[in-house]
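Spelled out, the chains give:
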Amino acid sequence: MEGGGGTDRGISFRTIEKIFNLLNFRVAKQDATIKKMKEAVKNGHGTSENVQGRFEFSINVGMLEIYNDNVYDLLVKPDKRKKKTALEIKRTKEGRIEVAGLIKESVNSVKEVVKLLKKGNESRSTAATDMNEHSSRSHMVLLVDVVSGIQGEEPSTGTLFLVDLAGSERVRKSGVEGDNLKEATQINKSLSALGNVMEALDRKASHIPYRDSKLTYLLQDSLGGNSRTMMVVAVCPTSSSFDESVHALNFATRVRRINIGSAQRNVSSKNLEETVKKLNNELKNLAKAKKKSEEQLHSLKKDHNRIQERLKTSSESRAKSVDEARTLAVLKDSNAQMTARWQKEKQLHDDAVANLQSSQSELKKLRGDLGKATREIERLSRLIAEKESEHDALKSDLRKAKTASSAANLRARKAQVLQSRTSGVGVSTTGDKSTGIVKPTPRSEIDTTKIKNVDPSEAREKVLAMLKAHDPKKVDKIDAIMERFKGREGFLLVKMASRYESNNENTASSSGSRPNSAAKKRSEIAMARHMERMRSKSKLIPSSGSSTRSLRDK
């Protein structure tokens, strides 16, 4: 546990050194905070009441050994070491296990702790055996009491037990006898009791046998109380200690499964609502305490007035009798006691009122913060609603703009188509033999008597046949044509038949006449213009819509 010097320090030295480092760091941190708060007060950003006190701590160390199931103090003076007196383990009024009469010395540095460890180890019982030249014949316990806190506040206390257990022995291997045999028996017995306690804790038994050994009784708070416990098991790597190593490892495995629960600690709430609720409860408690204090104060005032009246009466009749003088002295003593009690209750009442006012101011501040947060949430909600309404309005405007743009594009395309028709080469009603161009057949001139219901698939085949025969370029647009004339397939057949028949007649008549060079030139110009318009329209609109509108134009 103690280890050697330098970097070979043991667990005890390293643990206490860590405690000193943490506490000194806390002191430096608190001093820096106080300095900042004082500077803030100096600059007018606070009051002196908000400045906290310094962080203070004290450490007391005690050492004892459990030898033959008796407790002995290891820090006794050298002249008393020969006459060791066994100490008793008792439970205090607060319910804690303590060793009555144990010497605890205050330490301020790690060096002082090292001196105490050296002093205690000189008093510890050791002996030479066949297994170890310096065998420990007792369990050594190092107690470290730490008290820390802010000045003016209730300090926190804690106790650290660093236990150096003596190793279990096999008598046939250690070769001990006489008093050493008795020591080995007690060591094994206490370790067995520790194992029984661990087993009971593992089984969650209703009764834990702490009193079977002074060791387990002393460590009762550490093993089953509000504490954190760590156990380090050391084994020997030699083959001769195989049985002891296996036994120790099995014990460590069993201990590892034990869950004694987590140590309680103070947790500060960061939630405003929980803090307000907590302060409300404290406010109610302080109000009850205030009411009780006022009642007690009223009662004390009555007693005081009554005693004053009795004193006055006794003063007037003091000259009448010596017995009355004695009574007066008794009443004076009683009055002094009642006055002291009244003053004490008044002080408690004033403290309660101060705490109540402080709690009320803090509650008011928290309510203000909560109101600000609520108003900020409402403002953000209104802002979100406004943004959403603006977003909906913008979406509506966008849809209207898209609709208007689509309508404008459609009107522009229709105007372009109409302009292309009017700006093209003139078309005669009966057919101009000089140009060879035939005017499209109007819908009013189509013989509607020939229109009848036709099967769509049959109409599709006929239209496809006419396109292949007269206009092969429009074969790929058959789907768009049939979709446009859906339900009017008979009208489509009659219209296409009349168109292609008139084209054939015009072609035959133009082929019978003598060709005219001027007419051919105008026809070529018109065809070039028509092809240019078709190329420009194919770039502006999709292919399916283009095919449908091309058919409409023709």
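Residues numbered from 1 in each chain as written. Predicted model: local features only at pLDDT ≥ 70, side-chain atom pairs only at ≥ 80, totals over all residues. Heavy atoms only, no water.

A. Spatial organisation of the overall build of the protein chain. Across its full length, the protein chain holds 14 helices and nine strands. Buried positions account for 29% of the 554 residues belonging to the protein chain. Element-wise, carbon and sulfur atoms account for 51% of the exposed surface of the protein chain, whose accessible area totals about 37900 Å². (Helix = DSSP H or I, 4+ residues; strand = E, 2+ residues; numbered from the N terminus. Buried < 20%, exposed > 50% of the residue type's maximum accessible area, 1.4 Å probe, protein only. Areas by Shrake-Rupley, 256 points an atom, 1.4 Å probe, with all protein chains shown as cover.)

B. View of a nonpolar patch on the surface. The grouping of Met231, Val233, Val235 and Leu249 at the surface amounts to a nonpolar patch, some 290 Å² of accessible area in total. Structurally, Val235 can be placed in the loop between α6 (220-224) and α7 (242-256). (Patch = residues over 30% accessible without salt bridge, like charges linked within 9 Å, V, L, I, M, F, W, Y side chains within 5 Å. Salt bridge = Lys/Arg side-chain N within 4 Å of Asp/Glu carboxyl O.)

C. Quick look at the nonpolar core. Within the largest apolar cluster, 26 residues are counted, with the highest numbers of intra-cluster contacts made by Leu64, Val99, Leu218 and Leu223. Elements represented by at least two residues in this core include exactly β1 (55-67), β4 (97-99), β8 (139-150), α4 (179-202), α5 (214-218) and α7. It is α4 that provides the largest number of residues to this core, a total of five residues. In terms of nonpolar packing, the next biggest core, distinct from the first, is built from 23 residues, Met63, Leu116, Met140 and Val144 among them. (Core = buried A, V, L, I, M, F, W, Y, C linked by side-chain atoms within 4.5 Å.)

D. Quick look at the pattern of salt bridges. Scanning all chains against the criterion turns up nine salt bridges. Of the charged contacts in the structure, one is a salt bridge between Glu88 and Lys90, with a shortest N-O distance of 3.9 Å. Overall, the relative accessible area of 52% leaves Glu88 in the exposed class. Assessed through its relative accessible area of 44%, Lys90 is described here as partly exposed. For Asp303, the salt bridge goes to Arg306, with nearest N and O atoms at 2.7 Å. Here Asp303 pairs with Arg306, and both are found in helix α8 (residues 272-316), just three residues apart, close to one helical turn. The exposure class of Arg306 is partly exposed, given its relative accessible area of 43%.

E. Geometry of the packing of helix α1 (residues 11-42) against helix α2 (residues 110-123). α2 packs onto α1 with a crossing angle of 150° between their chain directions and a minimal axis gap of 10 Å. As judged from the angle between their axes, α1 and α2 are roughly antiparallel. For the crossing formed where α1 meets α2, the hand is right-handed. The segment α1 lies against α2, with Ser12, Phe13, Ile16, Glu17 and Phe20 engaging Val110, Val113, Val114 and Leu117. Of the residues contributing to the contact of α1 with α2, the split by class is seven nonpolar, one polar and one charged. (Axes fitted to C-alpha atoms, helices over the stretch in contact; angles between N-to-C directions. Parallel < 35°, antiparallel > 145°, perpendicular 65-115°, else oblique. Left-handed = near helix turned anticlockwise from the far one by under 90°. Contact = heavy atoms within 4.5 Å. Nonpolar A, V, L, I, M, F, W, Y, C, P; charged D, E, K, R; others polar.)

F. Examining the pairing of β1 more closely. As judged from the twelve bridges shared by β1 and β8, these two strands associate in the antiparallel manner. Counterpart to Leu64 in the pairing with β8 is Val141. Where β1 and strand β5 (residues 105-107) come together, three bridges link them in antiparallel fashion. By the bridge assignment for β5, Val61 is matched with Glu105. Here β1 pairs with strand β2 (residues 70-73) via four bridges, running antiparallel. Residue pairing in the sheet places Ile66 in a bridge with Val71 of β2. Taking the residues that link successive antiparallel strands as the turn, the β1-β2 hairpin has two residues, and the phi of Asn68 there is positive, at about 55°. (Pairing = 2+ DSSP bridges.)

G. Spatial organisation of the pairing of β8. With respect to burial, β8 is a largely interior element, eleven of its twelve residues being buried. Where β8 and strand β9 (residues 156-164) come together, nine bridges link them in antiparallel fashion. If you follow Leu142 over to β9, its bridge partner there is Leu162. Connecting β8 to the antiparallel partner β9 that follows it, the hairpin turn spans five residues, and Gly152 within it adopts a positive phi of roughly 90°.

H. Seen up close, α1. Between its terminal C-alpha atoms α1 stretches 47 Å, which fits the 46 Å expected from 32 residues at 1.5 Å a residue. Within α1, the full set of buried residues consists of Ser12, Phe13, Ile16, Ile19, Phe20, Leu23, Val27, Gln30 and Ile34. Looking at the buried residues of α1, the elements they touch are β1, β5, α2, β8 and β9. Just beyond α1, the residue with positive phi is Gly44, at close to 85°. (Expected span 1.5 Å × (residues − 1).)

I. Spatial organisation of the environment of Phe491. Looking at the element boundaries, Phe491 is found in helix α12 (residues 489-512). Separated by 37 residues in the primary sequence, Phe491 and Val454 have C-alpha atoms spaced 9.3 Å apart.

J. Up close: the confidence of the model for the protein chain. Taken residue by residue, the protein chain gives an average pLDDT of 77. The fraction at 70 or more is 77%. Long-range and interchain partners of residues 424-450, a stretch whose pLDDT sits below 50, account for 29 contacts in this model, where long-range means more than four residues apart. Below a pLDDT of 50 lies the segment residues 508-516, which in the model reaches one contact outside its immediate sequence neighbourhood of four places, other chains included. (pLDDT = per-residue confidence, 0-100.)

K. Fine view of unusual backbone geometry. A positive phi angle, close to 55°, is found at Asn68, a residue other than glycine. Tracing the sequence through the fold places Asn68 in the loop between β1 and β2.

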